[in-house]
Amino acid sequence: SQKIEQNSEALNIQEGKTATLTCNYTNYSPAYLQWYRQDPGRGPVFLLLIRENEKEKRKERLKVTFDTTLKQSLFHITASQPADSATYLCAFSGGYQKVTFGTGTKLQVIP
Amino acid sequence: GAVVSQHPSRVICKSGTSVKIECRSLDFQATTMFWYRQFPKQSLMLMATSNEGSKATYEQGVEKDKFLINHASLTLSTLTVTSAHPEDSSFYICSARVNGMETQYFGPGTRLLVL
C-alpha cells in the first residue's frame, strides 16, 4: 500500500541554522508533492508544491527538492527563526486525486 | 486569497446529539471540498471527498450514515455528525480545492468534544 513517512521525532535546531526535514514515500509515484505547516489547534497552511518533473522549488527562505529516484523530498528552511516552530506535513497526490498526508515532523527553533 | 472558514471553531455536545460543521470558501469557488479528522499527534485522515451537486465519496471505514456531508453550493459544504458519541471527539478540518488546481486550502478546524 502507499506509504508516506516523515521523521516522527521532533527536530530541534538553533536559530539561524538551516532546518532540513525529510519525507519518504513507497509504493507510489506521485505527480505532486506538497508541504504544509500546521500550528497546534489549527488547520494546515500550504507552503510549497513541487511537480515530479521539477527537482527544486524555492520560496523566500524555503526550498523543496523532489527526487523521484530516491522517492524522497527534502524541505529546507534557511536562517531559521523561532516563529518557524511548527509541525510540517508533506503530502503527495497524483493529478486531482485525493491527497495523502504524512504524520508530520515537529520543528522547534531554539533562540 | 484562497481563504476557507469553518464554523463553529469549538463545540461541546452531549452523547446522542447531532452536530453540524460548516465549511466555506470565502473568496473562491470550490468544486471539491474534503473533510479530514485528526487525532492528537496524528496526521490528517481523509474522511470523505465532497463534490458540489453530487454525493460525497467516503473513505473506507467511514460510516456515511453517521457523517452526513452536503455540498449544496460552490462555496459551502457541511458535515453533520449524527448521534455523536465520545469516540467521535476529534479535530475536524475541511479543505477546498480551486477547480483545476492541485493545492488544497484548509479551514482552521473544529474541535468537537462529545460528553
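All figures in this text were calculated on a predicted structure; none of them were measured in a lab. (Residues numbered from 1 in each chain as written. Chains lettered and ligands numbered in written order. Predicted model: local features only at pLDDT ≥ 70, side-chain atom pairs only at ≥ 80, totals over all residues. Heavy atoms only, no water.)

A. Here's a closer look at the overall build of chain A. Check the secondary structure of chain A and you find 0 helices and 11 strands. When its helices and strands are written in sequence order, chain A yields β-β-β-β-β-β-β-β-β-β-β. Computed over the C-alpha atoms, the radius of gyration of chain A is 13 Å, within 12% of the 13 Å expected from 2.2 N^0.38 for a compact globule of 111 residues. Taken along the three principal axes of its C-alpha coordinates, chain A extends 40 × 30 × 20 Å. Buried residues in chain A amount to 44% of all 111 residues. (Helix = DSSP H or I, 4+ residues; strand = E, 2+ residues; numbered from the N terminus. Rg over C-alpha atoms; globule rule 2.2 N^0.38 Å. Buried < 20%, exposed > 50% of the residue type's maximum accessible area, 1.4 Å probe, protein only.)

B. Representation of the pattern of salt bridges in the model. All names here are of chain A. Counted by the stated rule, this structure contains 7 salt bridges over all chains. As a salt-bridge pair, Lys3 and Glu5 come within 3.4 Å of each other at their nearest N and O atoms. Across the pair Glu54 and Lys57 runs a salt bridge, and its minimum N-O distance is 3.7 Å. Owing to a relative accessible area of 22%, Glu54 belongs among the partly exposed residues under this scheme. (Salt bridge = Lys/Arg side-chain N within 4 Å of Asp/Glu carboxyl O.)

C. Representation of the sheet that holds strand β1 (residues 3-6) of chain A within the structure. Residue and element names in this part refer to chain A. Judged by pairing direction, the sheet is antiparallel, and its 5 strands sit side by side in the order β1-β3-β8-β7-β6 without closing on themselves. The open sheet has two free edges, formed respectively by β1 and β6 (56-59), since each of these has just one partner strand. Geometrically, the sheet is characterised by an average inter-axis angle of 15° between neighbouring strands, direction not taken into account. Two strands pair when backbone bridges link them, and strand β7 (residues 62-67) and strand β8 (residues 72-77) are joined in this way by 6 bridges, in the antiparallel orientation. (Pairing = 2+ DSSP bridges. Axes fitted to C-alpha atoms, helices over the stretch in contact; angles between N-to-C directions.)

D. Layout of the state of the cysteines. With the rule as written, the count across this model stands at 2 disulfides over all chains. Covalently, Cys23(A) is tied to Cys90(A) through a disulfide, its sulfur atoms 2.0 Å apart. Taking the torsion about the S-S bond as the criterion, the Cys23(A) to Cys90(A) disulfide, at about 65°, is right-handed. Separated by 67 residues along the polypeptide, Cys23(A) in strand β3 (residues 19-26) and Cys90(A) in strand β9 (residues 86-93) bring together distant segments of the chain. We note that Cys23(A), like Cys90(A), is buried. Residue Cys23(B) pairs covalently with Cys94(B) via a disulfide, S to S 2.0 Å. Given an S-S torsion of about 80°, the disulfide between Cys23(B) and Cys94(B) has right-handed geometry. Of this pair, Cys23(B) sits in strand β3 (residues 19-25) while Cys94(B) sits in strand β9 (residues 90-98); the two residues are 71 residues apart in sequence, bridging distant segments of the chain. The exposure class of Cys23(B) is buried, given its relative accessible area of 0%. The buried category is assigned to Cys94(B), whose relative accessible area is 0%. (Disulfide = S-S within 2.5 Å.)

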